[in-house]
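The primary structure of each chain is shown beneath.
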Amino acid sequence: MAKSNHYEIAVIPGDGTGPEVIAEGKKVLEAAGKKHDVSFEFHDYDFGGDRYLKTGETLPDSAAKELKRFKAIYLGAIGHPDVPPGVLEVGILLKLRFALDQYINLRPVKLYPGVDCPLKDKKPEDIDFIVVRENTGDMYAGQGGVTRKGTPYEVATQVMVYDRQMVDRCLKYAFDLARVRKEEGKPGKLTLVNKTNVLVYVGDLWYRAFMEMARDYPEIKTDYNHIDAACMWTVKNPEWYDVMVTTNMFGDIITDLGAMVQGGMGIAAGGNINPYGTSMFEPIGGSAPKYTGMNIINPLAAIEAGRMMLDHLGEKEAAKSIEEAVAYTCTQLKSLSAGKMGFSTTEVGDMVAGYINKK
Ligand code: IPM
Ligand code: MN
């Protein structure tokens with residue numbers, strides 16, 4: 001077997017239902033790999049709430065460094081009910097995104113046939129777009145501070161931070177993606193989402209950079225929406241979108257809306273991408289601790305994250321076979337919600353893997 005078809009993958013199953021969905025994701029990756037001559041060696045890491053509660057450690061610097069030797073990380077979920085909010089999110093998830101300079105958060109919004117869509121009269125052909133969320137800047141960058149804390153005069157700031165190269169590298173990724181999608185028969189349209197009517201500095205920086213770069217992509221249609229209007233149009237006319245590019249915070253918010261539009265957290269996945277380094281793929285729904293160990297959580301989001309990982313690694317055929325199997329499975333489930341699927345977590349994983357084996 002060619003060496004390039006073997007991948008060492010770091011796996012962080014994480015908290016709550018994370019390990020259950022990752023187990024199904026690995027099952028499906030193995031099935032697709034077997035079929036397409038791709039093999040994996042998974043290296044498990046135990047970062048998460050339990051480790052933190054035992055050792056007080058979130059993600060040591062040495063671990064972030066060690067993870068750089070992998071091309072990809074497969075992440076279950078981070079979030080533990082006994083740990084105060086923010087500790088694990090900032091200490092593990094955001095730390096990894098920053099340390100590995102995963103400057104793109106790629107989140108597809110695609111409605112598979114047979115999936116219940118909360119939008120009246122919208123069909124799979126109406127909902128097939130992808131959000132390119134910038135993933136290292138904005139209010140997430142940690143600039144700001146607090147003075148007079150605890151007094152009635154407390155002042156807190158958390159600044160929206162962008163510089164030109166951060167904007168340019170994100171826009172380039174988005175334009176290139178729009179180009180690839182156009183080659184695949186999609187509309188080839190890129191919509192910049194921001195708030196230029198208020199963000200007269202940062203919004204203007206994005207807008208000018210966008211317009212300048214558009215000249216290098218004459219075949220790509222471009223559009224601009226304010227973030228509030230984009231939320232409105234995502235509900236009313238999702239068919240207007242092909243690729244959407246936006247800032248970290250706006251992207252965080254609109255991709256939760258996107259997740260609901262495509263049928264819920266049961267199927268929503270994302271990739272934290274460093275095109276030249278280590279990327280990390282995750283279901284975006286969180287650890288859902290109340291369902292832990294019940295074998296009722298939907299593993300499709302984690303399976304979709306695995307599909308995105310294969311696609312990113314260049315294993316297009318293997319990724320496609322997962323996509324077809326997920327599409328089939330969506331027609332078989334009663335619902336995508338935990339406990340209402342009509343099947344258990346492991347049965348859904350078996351169904352996807354079984355479809356790949358049979359085909
Ligand atoms: C996400 C999450 C994270 C974010 C949290 C958990 C820090 O909401 O991946 O969208 O805000 O990016
Ligand atoms: Mn979010």
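Nothing here was measured: the structure is a model prediction, and the numbers come from that model. (Residues numbered from 1 in each chain as written. Chains lettered and ligands numbered in written order. Predicted model: local features only at pLDDT ≥ 70, side-chain atom pairs only at ≥ 80, totals over all residues. Heavy atoms only, no water.)

1. Quick notes on the overall build of the protein chain
Across its full length, the protein chain holds 11 helices and 12 strands. Over its C-alpha atoms the protein chain spans a radius of gyration of 20 Å, differing by no more than 12% from the 21 Å that the globule rule assigns to 359 residues. Taken along the three principal axes of its C-alpha coordinates, the protein chain extends 55 × 50 × 45 Å. Per-residue burial over the protein chain gives 53% buried out of 359 residues. By sequence separation, contacts in the protein chain at least 24 residues apart represent 77% of the contacts at least 6 residues apart. Of the roughly 16000 Å² that the protein chain leaves accessible, carbon and sulfur atoms contribute 54%. In the protein chain, which carries 42 positive and 48 negative side-chain charges, the distance between the mean positions of the two groups comes to 2 Å. (Helix = DSSP H or I, 4+ residues; strand = E, 2+ residues; numbered from the N terminus. Rg over C-alpha atoms; globule rule 2.2 N^0.38 Å. Buried < 20%, exposed > 50% of the residue type's maximum accessible area, 1.4 Å probe, protein only. Contact = heavy atoms within 4.5 Å. Areas by Shrake-Rupley, 256 points an atom, 1.4 Å probe, with all protein chains shown as cover. Lys, Arg positive; Asp, Glu negative; His and termini not counted. Charge placed at Lys NZ, Arg CZ, Asp CG, Glu CD.)

2. What about the sheet that holds strand 8 (residues 189–194)?
Strand pairing in a sheet relies on backbone hydrogen bonds, with the paired strands running either antiparallel or parallel. Within the open sheet, the 10 strands sit side by side as 2-1-3-12-11-4-5-10-8-9. Their pairing is mixed. Of all the strands in the sheet, the pair left with one neighbour each is strand 2 (39–44) and strand 9 (221–226). Put simply, the sheet's adjacent strands are angled 25° from each other on average, direction ignored. Here 6 bridges tie strand 8 to strand 9, and the two strands are oriented parallel to one another. By the bridge assignment, Val193 is partnered in strand 9 with Asn225. Set on the sheet, helix 5 (residues 164–183) makes contact with strand 4 (104–110), strand 5 (128–134), strand 8, strand 9, strand 10 (243–246) and strand 11 (269–273); between it and strand 5 the angle comes to about 165°. (Pairing = 2+ DSSP bridges. Axes fitted to C-alpha atoms, helices over the stretch in contact; angles between N-to-C directions.)

3. Quick notes on the pattern of salt bridges
Under the definition given, this model contains 25 salt bridges. We note a salt bridge from Asp128 to Arg181, for which the minimum N-O separation is 3.6 Å. Taken together, the residues Asp128 in strand 5 and Arg181 in helix 5 connect sequence positions 53 residues apart. Of the charged contacts in the structure, one is a salt bridge between Arg307 and Glu304, with a shortest N-O distance of 3.1 Å. Placement of both Arg307 and Glu304 in helix 9 (residues 300–312) is noted, with a separation of 3 residues, approximately one turn of the helix. Taking relative accessible area as the criterion, Arg307 reaches 12% and is therefore assigned buried. One network of salt bridges, in which partners are shared, links Asp128, Arg181, Lys186 and Asp242. (Salt bridge = Lys/Arg side-chain N within 4 Å of Asp/Glu carboxyl O.)

4. Comments concerning the side chain of Thr191
Along the polypeptide, Thr191 turns up in strand 8. By relative accessible area, Thr191 is classed as buried at 0%. For Thr191, the contacting residues outside a window of four places in its chain are Asp223, Tyr224, Asn225, Tyr241, Val243, Met244 and Val245.

5. Digging into the site of ligand 1
Near ligand 1 you find Glu89, Leu93, Arg97, Arg107, Arg133, Tyr140 and Asp252, and these make up its full shell. In the model, an oxygen atom of ligand 1 is placed 2.7 Å from a nitrogen or oxygen of the Arg97 side chain. Arg133 places a polar side-chain atom, nitrogen or oxygen, 2.8 Å from an oxygen atom of ligand 1. The protein chains hide 73% of the 320 Å² of surface that ligand 1 would expose on its own. A per-element tally of the shell around ligand 1 places helix 4 (residues 87–99) first, with 3 residues. (Near = heavy atom within 4 Å. Polar contact = N/O pair within 3.5 Å; in protein donor to acceptor, adjacent residues only side chain to side chain.)

6. Comments concerning the side chain of Asn272
Inspection of the secondary structure assignment puts Asn272 in strand 11. Its relative accessible area of 0% is what places Asn272 among the buried residues. Side chain to side chain, Asn272 and Asn105 meet in a polar contact 3.3 Å long. A polar side-chain atom of Asn272 sits 2.9 Å from a polar atom in the side chain of Asn135. With residues up to four places along the chain from it excluded, the contact list for Asn272 reads Arg97, Gln102, Ile104, Asn105, Asn135, Ser279, Met280 and Glu282.

7. Side note on the domain arrangement of the protein chain
Per the domain assignment, the segments of the protein chain are domain 1 (1–112 + 267–359) and domain 2 (118–132 + 153–261). Domain 1 and domain 2 are separated by 25 Å when their C-alpha centres are compared. Listed as interface residues are 15 residues of domain 1 and, on the opposing side, 18 residues of domain 2. Summed over both sides, the interface between domain 1 and domain 2 buries roughly 1500 Å², with carbon and sulfur atoms accounting for 63% of that surface. Contact with domain 2 buries surface across domain 1, with Arg107, Val109 and Leu111 losing the most and accounting together for 43% of the total. Here domain 1 and domain 2 share 1 salt bridge between them. Where domain 1 packs against domain 2, one counts 5 residue pairs in polar contact (both at pLDDT 80 or more). Per element, the largest residue contribution to the side of domain 1 that touches domain 2 is 7 residues, and it comes from strand 4. Its residues assigned to classes, the side of domain 1 that touches domain 2 comprises 11 nonpolar, 1 polar and 3 charged. (Domains from an automatic or database assignment. Buried area = accessible area lost by both parts, 1.4 Å probe. Nonpolar A, V, L, I, M, F, W, Y, C, P; charged D, E, K, R; others polar.)

8. With respect to the packing of aromatic side chains
Under the definition given, this model contains 11 aromatic pairs. Consider the rings of Phe175 and Tyr217, whose centres lie 4.7 Å apart with planes at 20°: the pair is stacked. With Phe175 in helix 5 and Tyr217 in the loop between helix 6 (202–214) and strand 9, the pair connects residues that are 42 residues apart, well separated along the chain. Look at Phe175 and you get buried, because its relative accessible area is 0%. Relative to Tyr355, the ring of Tyr328 lies with its centre 4.6 Å away and its plane at 20°, an arrangement referred to as stacked. Taken together, the positions of Tyr328 in helix 10 (residues 316–332) and Tyr355 in helix 11 (residues 345–358) put the pair 27 residues apart, joining distant regions of the chain. The exposure class assigned to Tyr328 is partly exposed, which follows from its relative accessible area of 29%. The exposure class assigned to Tyr355 is buried, which follows from its relative accessible area of 16%. (Phe/Tyr/Trp six-rings, centres within 6.5 Å; stacked < 30°, edge-to-face > 60°.)

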